[in-house]
Amino acid sequence: MTTIKFSTIAGAVLLASACSQITSNNNTDTQTTQQQIQPPVAQKVPHVTQIHGYELVDNYHWLRDDSRSSEKVLTHLEQENRYADVKLAPIETLRETLFEEIKNKIAKDDRSVPYKRGDYYYFSEVKGDQEYRNFYRSKSADGSNATEIFNANKQAEGQSYYALGAISISPDGKLMAFAEDTLSRRIYTISIKNLDTGEIYTDKLEGAADSIEWGSDNRSLYYIKKDPVTLLGYQVYRHVLGQEQSQDELVYEEKDNTYYTYLEKSKEGSEIYIVHDSTEAKGVSVIDANNPNAQPQRLLPRTKGHEYSLIKQGDFYFIYTNDNAVNFKLMKAHKNDVADKRKWKTIIAHNPDAKLEEVELFNQHLVYQSRVEGIGTLNVLDLKTKQHKALTFKDPAYMVSMTGNRTLDSQFVRVSYQSLTTPKTIYDIDLTTLKKTQRKQTKVLGDFNANDYASERLFIEARDGTKVPVTLVYKKATFKKDGTNPLLQYGYGSYGSTRDPYFRVSTLSLLDRGFVYAIAHIRGSQALGRPWYEDGKKLNKKNTFNDFIDVTKALTESGYGDPKRLYARGGSAGGLLMGAVINQEPELYHGVHSAVPFVDVINTMLDESLPLTTNEYDEWGNPNDKVYFDYMRSYSPYDQVSAQNYPNMLVTTGLHDSQVQYFEPAKWVAKLREYKTDDNTLLLKTDMSAGHGGASGRFKRIHDIALSYGFIIGLAEGKL
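The rules we used
Residues numbered from 1 in each chain as written. Predicted model: local features only at pLDDT ≥ 70, side-chain atom pairs only at ≥ 80, totals over all residues. Heavy atoms only, no water. Helix = DSSP H or I, 4+ residues; strand = E, 2+ residues; numbered from the N terminus. Rg over C-alpha atoms; globule rule 2.2 N^0.38 Å. Buried < 20%, exposed > 50% of the residue type's maximum accessible area, 1.4 Å probe, protein only. Areas by Shrake-Rupley, 256 points an atom, 1.4 Å probe, with all protein chains shown as cover. Phe/Tyr/Trp six-rings, centres within 6.5 Å; stacked < 30°, edge-to-face > 60°. Lys NZ or Arg CZ within 6 Å of the ring centre and 35° of its normal. Pairing = 2+ DSSP bridges. pLDDT = per-residue confidence, 0-100. Contact = heavy atoms within 4.5 Å. Expected span 1.5 Å × (residues − 1). Salt bridge = Lys/Arg side-chain N within 4 Å of Asp/Glu carboxyl O. 1 Å grid on protein atoms, 1.4 Å probe; cavity = no way out; pocket = protein on both sides within 12 Å on 5 of 7 lines; lining within 4 Å. Points joined across faces, edges and corners; volume = space filled by probe spheres on them. Nonpolar A, V, L, I, M, F, W, Y, C, P; charged D, E, K, R; others polar. Axes fitted to C-alpha atoms, helices over the stretch in contact; angles between N-to-C directions. Parallel < 35°, antiparallel > 145°, perpendicular 65-115°, else oblique. Left-handed = near helix turned anticlockwise from the far one by under 90°.

Engineer: Is there a simple way to explain the overall build of the protein chain in this structure?
Structural biologist: Assigned secondary structure in the protein chain consists of 14 helices and 37 strands. Expected size for 720 residues packed as a compact globule is a radius of gyration near 27 Å; at 26 Å, the protein chain falls within 12% of this value. The dimensions of the protein chain, computed from C-alpha atoms along their principal axes, are 80 × 60 × 55 Å. For the protein chain, the residues scored as buried account for 59% of the 720 residues in total. Surface exposure of the protein chain reaches about 29,100 Å², of which carbon and sulfur atoms provide 45%.

Engineer: I tried to follow the packing of aromatic side chains on my own but got confused; where do I start?
Structural biologist: Given two aromatic rings, their pairing is described by the distance between the two centres and the angle made by the two planes. What the rule picks out here adds up to 22 aromatic pairs. Judged by centre distance (5.4 Å) and plane angle (55°), the rings of F545 and Y635 are tilted. One end of the pair, F545, is in helix 8 (residues 542-557); the other, Y635, is in helix 12 (residues 626-635), with 90 residues separating them in the sequence. Side by side, F545 and Y635 carry an identical accessibility label, which is buried. Linked through ring pairs, Y115, Y120 and Y122 together constitute an aromatic cluster. We note K332 situated over the ring of F316; from NZ or CZ to the ring centre the distance is 5.1 Å. For R523, the ring lying beneath its charged end belongs to W532, and the centroid distance is 5.8 Å.

Engineer: Is there a simple way to explain the pairing of strand 28 (residues 425-430) in this structure?
Structural biologist: Moving residue by residue along a regular strand, the side chains alternate between the two faces of the sheet. Of all six residues that make up strand 28, six are buried, and the element is covered over most of its length. By the alternation rule, side chains of strand 28 split into T425, Y427 and I429 and I426, D428 and D430, which are all buried. Bridge count for strand 27 (residues 412-418) against strand 28 is six bridges, and the pairing is antiparallel. In the strand pairing of strand 28, R414 is matched with D428. Counting the residues between successive antiparallel strands, the hairpin from strand 27 to strand 28 contains six residues.

Engineer: Explain the confidence of the model for the protein chain here, please?
Structural biologist: On average, residues of the protein chain carry a pLDDT of 92, and 94% of them reach 70 or more. Counting interchain partners and residues more than four positions distant, the pLDDT-below-50 stretch residues 1-28 has 41 contacts.

Engineer: Can you walk me through the environment of N363 in this structure?
Structural biologist: In this structure, N363 sits in the loop between strand 22 (354-361) and strand 23 (365-372). N363 sits in the partly exposed class, given a relative accessible area of 34%. Measuring from C-alpha to C-alpha, the distance between N363 and D382 comes to 9.8 Å, with 19 residues separating the pair along the chain.

Engineer: Sorry, what's going on with helix 14 (residues 700-716) here?
Structural biologist: It helps to recall that an α-helix has 3.6 residues per turn; residues three or four apart then point in one direction. Helix length check: helix 14, at 17 residues, gives a terminal C-alpha distance of 25 Å against a target of 24 Å (1.5 Å per residue), a fit within 8%. Phi turns positive, to about 75°, at G718, one or two residues after helix 14.

Engineer: Honestly, the pattern of salt bridges in this entry has me stumped. Any pointers?
Structural biologist: Two side chains of opposite charge can pair, provided their charged atoms sit close to one another. Using the criterion set out here, one finds 43 salt bridges in the structure. Among the ionic pairs, D678 bridges to K676, the shortest N-O distance being 2.8 Å. Exposure remark for D678: the relative accessible area of 13% places this residue in the buried category. Take K676: its relative accessible area is 17%, and that puts it in the buried class.

Engineer: I tried to follow the side chain of N322 on my own but got confused; where do I start?
Structural biologist: Secondary-structure assignment places N322 in the loop between strand 19 (316-321) and strand 20 (329-334). A relative accessible area of 15% places N322 in the buried class. Every residue in contact with N322, bar those within four places of it in the chain, is listed here: G305, H306, E307 and F328.

Engineer: I'm lost on empty space enclosed by the protein in this one. Help?
Structural biologist: Empty space among the atoms becomes apparent when a probe as large as a water molecule is rolled across them. One pass over the structure, following the stated rule, counts one cavity of 30 Å³ or more. By volume, the largest cavity is sized at about 50 Å³. Considering the residues around the largest cavity, the lining is formed by Y492, G493, S497, R499, A520, H521, I522 and S525. Classifying every residue of the lining of the largest cavity gives three nonpolar, four polar and one charged.

Engineer: Can you walk me through the sheet that holds strand 14 (residues 249-253) in this structure?
Structural biologist: What holds strands together in a sheet is hydrogen bonding between their backbones, with the strands either parallel or antiparallel. Pairing in this open sheet of seven strands is antiparallel, and the strands run 8-9-10-11-12-13-14 from one edge to the other. Unpaired on one side and paired on the other, strand 8 (163-169) and strand 14 mark the two borders of the sheet. Adjacent strand axes in the sheet meet at a mean angle of 35°, parallel and antiparallel pairs treated alike. Inspection of the sheet shows strand 13 (residues 233-240) paired to strand 14 by four bridges, in the antiparallel sense.

Engineer: What should I look at first to understand the packing of helix 8 against helix 9 (residues 573-584) in this one?
Structural biologist: When two helices pack together, their arrangement is given by the angle between the helix axes and the distance between those axes. Interhelical geometry of helix 8 versus helix 9 gives an angle of 70° and a closest axis separation of 10 Å. The orientation of helix 8 relative to helix 9 falls into the category roughly perpendicular. Along this stretch, helix 8 crosses helix 9, giving a crossing that reads as right-handed. The segment helix 8 lies against helix 9, with T544, F545, N546, F548 and I549 engaging L576, L577, M578, A580, V581 and Q584. For the contact of helix 8 with helix 9, a count of residues per class yields eight nonpolar, three polar and no charged.

Okay, here's the thing in structure tokens:
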């Protein structure tokens with residue numbers, strides 16, 4: 001019998017299933033096996049929804065099993081995994097090579113730069129073959145003589161999946177609350193550890209969100225419980241050390257299911273904020289952290305269309321707001337005048353050409369980030385002199401953010417900087433002189449030299465005349481700009497989330513094989529400000545898909561990519577992008593990887609029991625309204641599958657995904673198999689122990705990358 005290596009999480013079950021399909025003839029080779037094995041054919045069981053006078057027929061609705069225990073459903077997913085393994089056998093060696101290649105570029109020992117909080121400096125570290133980071137603290141700024149406060153690798157032992165969520169240290173530095181998820185459903189259990197004795201208390205807070213804040217008494221702990229059906233965090237509880245969870249006090253309950261709820265704390269520690277966040281509104285309720293019996297208060301009414309947050313400094317608040325400012329502005333008011341907008345004073349005025357994105361407050365300075373022509377820029381404002389100074393960086397396109405700034409009394413701002421050619425670099429920047437001190441740059445092992453690669457920033461005109469920013473990178477020695485390089489294009493374009501050009505060591509494996517890698521900053525993000533987002537959602541959603549396609553065509557016409565070796569990749573809402581694009585231009589791409597894809601738009605948005613529904617009516621629209629139903633149906637990947645040729649496709653998902661449920665991609669693949677008229681590869685890979693974020697652990701995740709890149713490289717090299 002031919003030996004085939006199987007690397008899926010389905011293990012022996014899949015291996016046995018695969019072997020039952022392979023002839024026992026010793027002369028049977030992999031190619032023959034591939035020809036013989038047939039793709040799974042899902043049973044068609046009509047499920048009819050009557051809406052707006054239309055009969056919506058879903059033949060694969062039966063693949064939804066909320067319990068994840070149906071033998072029929074699990075068997076179908078295992079058959080898909082088995083089929084994928086056999087079809088991927090020709091690139092098994094390539095995948096192993098990619099895994100080792102990527103892994104060997106990553107330093108096994110890595111320590112973060114310590115940051116100060118209270119009397120200690122905190123940092124994390126990973127060593128050797130450890131999958132997870134362990135956490136430490138020290139009285140020294142350099143982290144010497146540190147004490148381990150949390151060992152995630154020990155906590156993960158025996159778990160097929162492990163994720164450490166929030167860690168919250170009590171104000172006196174003696175206790176630590178931590179949240180853990182062992183199922184990948186983003187439902188956490190919160191535990192409490194005594195950092196002096198190492199004791200784990202008996203307090204267990206189940207069914208929680210990844211959000212924890214301490215009261216000033218070091219005994220009160222605020223956390224959020226999730227709805228077990230919708231998985232939305234909606235109830236804020238106050239827990240007192242030593243009491244049963246059933247005795248915890250409910251201090252706030254969100255009645256509007258279009259809002260997300262999470263917790264924050266003011267930098268000086270006197271206030272806890274319950275953040276109310278929906279697509280088109282955001283506000284806070286304030287809890288006095290010094291009062292263990294405090295109830296939340298709203299200093300400013302929560303209104304539709306208004307998004308704001310508060311930054312406390314003494315008796316004043318800085319107010320980050322979009323009130324009459326589509327790209328946001330920063331105002332200031334006394335604590336007694338926050339509700340009276342007439343008494344607000346302008347600190348950073350609204351700029352219609354640059355979105356104000358982030359603000360970090362210090363005693364004497366304020367650092368703010370604005371996005372100018374798609375690039376995040378940092379500026380320092382001296383609060384006494386009112387002078388603004390800009391920080392400068394070298395790359396044509398880059399990602400910069402503020403990180404680890406936990407104290408008000410500091411003369412430095414800590415910044416994380418990276419680009420497609422520059423590994424992540426941590427700087428401490430003097431707030432007066434703007435002098436940069438490099439604290440760390442992520443090591444890339446092997447023969448990596450940033451000068452071997454080049455990055456470009458382009459603006460490409462879409463079909464409606466809109467200019468779309470694009471960032472791309474390639475290896476100088478292999479790039480010819482004559483239309484012979486394979487090209488992989490990535491996109492997202494939803495929720496106003498901007499995908500900045502950050503460094504990924506795994507991308508080097510593509511570039512070293514002659515690929516051009518491009519990020520299309522399409523509408524639906526906020527790359528060019530808030531209007532860029534508005535122009536790519538609801539009834540403007542198709543702009544997102546059109547932008548992506550137009551960028552690909554323009555890059556090809558300009559010689560950046562081989563028309564016969566164009567590839568696309570996107571995940572979650574970016575998976576919807578992939579689905580819409582291949583329905584619209586099915587023969588443009590040679591191959592597509594759609595990860596955890598949101599593809600069944602109408603059925604999902606009609607079901608309020610799903611996490612990806614009520615909070616997102618303002619993103620996609622509500623299909624109960626006919627105008628949105630008609631528009632959604634015109635682009636929904638699942639609804640628009642038709643009898644036509646489709647590109648080679650890899651679809652990946654996780655059985656326990658809490659965001660985009662596994663049955664969306666499973667149904668989509670089943671329908672694609674029914675309708676497609678080509679012989680191209682169509683694979684569904686389900687990780688039976690993971691969720692929306694994929695496998696846990698730093699090396700385990702590399703297997704996911706090796707699968708994705710192996711599929712794309714295998715197609716480009718004619719191995720699949």
